[in-house]
Amino acid sequence: MRIHDTRRITIIGGGMSGALLSILLAQRGFEAELFERAPDPRLVPARTSGPDILSLGERGRYALRLAGLEDAVGKLVTAMRGRMIHDRRGARTLQPYGVHDYEALYSIRRERLIHCLLDAAEASGKVRIHFGQQLQAIDWDSNTLSLDDAGDQRFEVLFGTDGAGSRVRRSMLQAARLQIDQDLLDAGYKQFTMPAAADGTPPFDPHALHVWPRGGYMMVAMPDTDGSFSAMLFLPRRGDHRMPWGFAELDSWTRQQAFMAFNLPDAAARIPDLEAEFRDNPVGQMGTIRCSHWHVGGLGLLIGDAAHTIVPFHGQGVNAAFEDCTTLMEIVDGGADDWGTAFEHLERARKKDAEAIADMALDAFRTMRDSVRHREFMLRKALERELELRHPGVFIPRYSLVMFHRIPYAEAYRRGKIQAAILDELLEGKERLTEVDLRHAAELVGERLTATV
Ligand SMILES: Cc1cc2nc3c(=O)[nH]c(=O)nc-3n(C[C@H](O)[C@H](O)[C@H](O)COP(=O)(O)OP(=O)(O)OC[C@H]3O[C@@H](n4cnc5c(N)ncnc54)[C@H](O)[C@@H]3O)c2cc1C
C-alpha cells in the first residue's frame, strides 16, 4: 500500500513503542487506532510485568525529543553519572560512566513515562486508544484482526508493538514463514522497594546506578525523583553445584532473610518490606528472542520487543524499541513510497543492530554480575578512560557508544571488538596503568581505529 494513501494505521500494544510510534505517526498526519489489552494505566494502577524503573540513554532521549516530550519527561528523570559498586562489607566505589558531562543515564518510573506518552498520543487528536482490547489473531489474507471484545476489524497496515510475548509475531509464523529463536536466561529477577526516609533523604547516592555484584548473581537499584529506589535481585532460577542459591531454594523467610543478611546486608537494611516483597513479588523471566524477519510484505511490521527481545543488562530494550520507531520515521520522511519498501528498508537497517545489542546485552550480564568488582576490570576501565582522553572521538569505550551515542549498535559492536583487542594487547602482564606503554597505545589506535572511525 502507498504510504500517503493510507487512511488509518492500526497499532497493537500501547506500551513503550506503540505509544511513541503513534505520536510520531500523528506528527506526520496519520490517523491511528491503538489497541491495548490492559486497562488505561492512568486510571487503574497497572501491575505489569517488567521493571518499575527504567534507564534511558541517548537513543531513548533522542526519540523523546523528536516526539516533543523532552521537557515533560525531563521533569520525571534522575541523572545517574556512574555505577556505585557495593561490596559485601558495605564499602562503595563509584565507577563514573565516562569522562564527559553528557555521559549520564536517566532513570524514570515506567508508569510515569507511559502516562506521558499516552497523554501526548491523545493530545495529538489523531490517535484513538482502545484499552482493554486484546488481540487474539490476525488473518493476513483478508487484512482482518480479531479482538477479545470488539470482534473482527479490517486494517490497512498494522504495527505489532505488543512486546516480548507478541501475538502479532505468532500470527506471522505461517503468513510470513517466520522463524523464531528463543533463549530463556537461567536467571530470573525479583523487585524490591527501598523508600526514602521520612524527610525525603534517599537511602543511597541518587545520582548513581547501584550494583551489588556477587559472582553468579547480583542486585541493582535505580533512583526515583522522590528519593526512593527500585531494586532488582537477579538470581539463578534454580541453584546448582556452582551457585547453590537460586530463587527455588529461597523458599522460606528464614532462608531469604539469611541469604540477604549474609550477602547483601546494606541493601537488605533499606528494604523495610523484605519479607512481604519476597512473598508477593513474582520472579520475572528474561531472555533473547531473534526473528528471521519482521514484516509481512507491506501489511504488517513488528517493532520493539516483539521483533527483538533482549536481556535487560545493557538497559537498552526501550532505547532500542524507540530507535526502531525513529528509524522508520526517517525512512518515511526520506520519501519511501509504499509500506513494503519502507519495512524492507527498516529490517535491513535494523536487524544487524538488533543482533548486536542482543549479544552486547548478554555480555553486559556477565560483566555486571562477575567482573565489575575485579581489579583487572578496574584497570581496563582506567586504561579505556586514558585512551579516550588521549584520542577523543577516536577511542570511545563500547559502553559509551551504546549508551551515550546513536551510532548503530552493529558499528558500536564492531568498534568495541577492535578496542578490546587493543586493550588486551596493552594490558598483557600489566598490573598498573603506569606500566602500560602509551606510545605503543597511540600507534595501535592510529593503525587500527583511525582509519575505520
Ligand atoms: C528486568 C527488566 C529491566 C529492564 N530495564 C530496562 C532499562 O533500564 N532500560 C531499557 O531501555 N529497557 C529496559 N528493559 C526492557 C524494556 O522493558 C522493554 O524492552 C520495553 O518495554 C519494550 O517496549 P515494547 O513497546 O516493545 O513492549 P512493552 O513495553 O512490553 O509493551 C507491549 C504492550 O503490548 C500490550 N499487549 C501485549 N499483548 C497484547 C495483545 N495481544 N493485544 C493488545 N495489547 C497487547 C501489553 O499490555 C503492553 O502494554 C527492562 C526489561 C526487564 C525485564
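Summarised in this report is the structure supplied together with it.

Cut-offs applied
- Residues numbered from 1 in each chain as written.
- Predicted model: local features only at pLDDT ≥ 70, side-chain atom pairs only at ≥ 80, totals over all residues.
- Heavy atoms only, no water.
- Salt bridge = Lys/Arg side-chain N within 4 Å of Asp/Glu carboxyl O.
- Buried < 20%, exposed > 50% of the residue type's maximum accessible area, 1.4 Å probe, protein only.
- Helix = DSSP H or I, 4+ residues; strand = E, 2+ residues; numbered from the N terminus.
- Near = heavy atom within 4 Å.
- Polar contact = N/O pair within 3.5 Å; in protein donor to acceptor, adjacent residues only side chain to side chain.
- Areas by Shrake-Rupley, 256 points an atom, 1.4 Å probe, with all protein chains shown as cover.
- Expected span 1.5 Å × (residues − 1).
- Axes fitted to C-alpha atoms, helices over the stretch in contact; angles between N-to-C directions.
- Parallel < 35°, antiparallel > 145°, perpendicular 65-115°, else oblique.
- Left-handed = near helix turned anticlockwise from the far one by under 90°.
- Contact = heavy atoms within 4.5 Å.

Quick notes on the pattern of salt bridges
Inspection of the entire model under this criterion finds 34 salt bridges. In this structure, aspartate 87 engages arginine 89 in a salt bridge whose closest nitrogen and oxygen atoms are separated by 2.8 Å. We classify arginine 89 as exposed; its relative accessible area is 73%. A salt bridge links arginine 290 to glutamate 355, with the nearest nitrogen and oxygen atoms 2.9 Å apart. Separated by 65 residues along the polypeptide, arginine 290 in strand E18 (residues 287-291) and glutamate 355 in helix H10 (residues 339-369) bring together distant segments of the chain.

Focus on the site of the ligand
The full set close to the ligand counts 30 residues, and Ser17, Glu36, Ser55, Asp305 and Val318 are the nearest of them. Between the ligand and serine 17 there is a distance of 2.6 Å, counted from an oxygen atom to a side-chain nitrogen or oxygen. Coverage of the ligand by the protein amounts to 90% of the 1000 Å² it exposes when considered alone. Every element with two or more residues in the shell around the ligand is listed here: helix H1 (16-27), strand E3 (53-56) and helix H9 (317-333).

Notes on H1
At 3.6 residues per turn, the α-helix brings residues three or four places apart onto the same side. The terminal C-alpha atoms of H1 lie 17 Å apart, and with 12 residues this matches the ideal 16 Å at 1.5 Å per residue to within 8%. Of all 12 residues in H1, 11 are buried, a share of seventy percent or more. Of all the residues in H1, the buried ones are Met16, Ser17, Gly18, Ala19, Leu20, Leu21, Ser22, Ile23, Leu24, Leu25 and Ala26. Following H1 by one or two positions, glycine 29 adopts a phi angle in the positive range, close to 95 degrees.

Structural notes on the packing of helix H13 (residues 409-427) against helix H14 (residues 438-448)
Interaxial distance between H13 and H14 falls to 11 Å at its minimum, and their mutual angle equals 155 degrees. Overall, the two elements H13 and H14 adopt an arrangement that is roughly antiparallel. At the point where H13 passes H14, the crossing takes the right-handed sense. Seen from H13, the contacting residues are Ile418, Ala421, Ile422, Glu425 and Leu426; seen from H14, they are His440, Ala441, Leu444, Val445 and Arg448.

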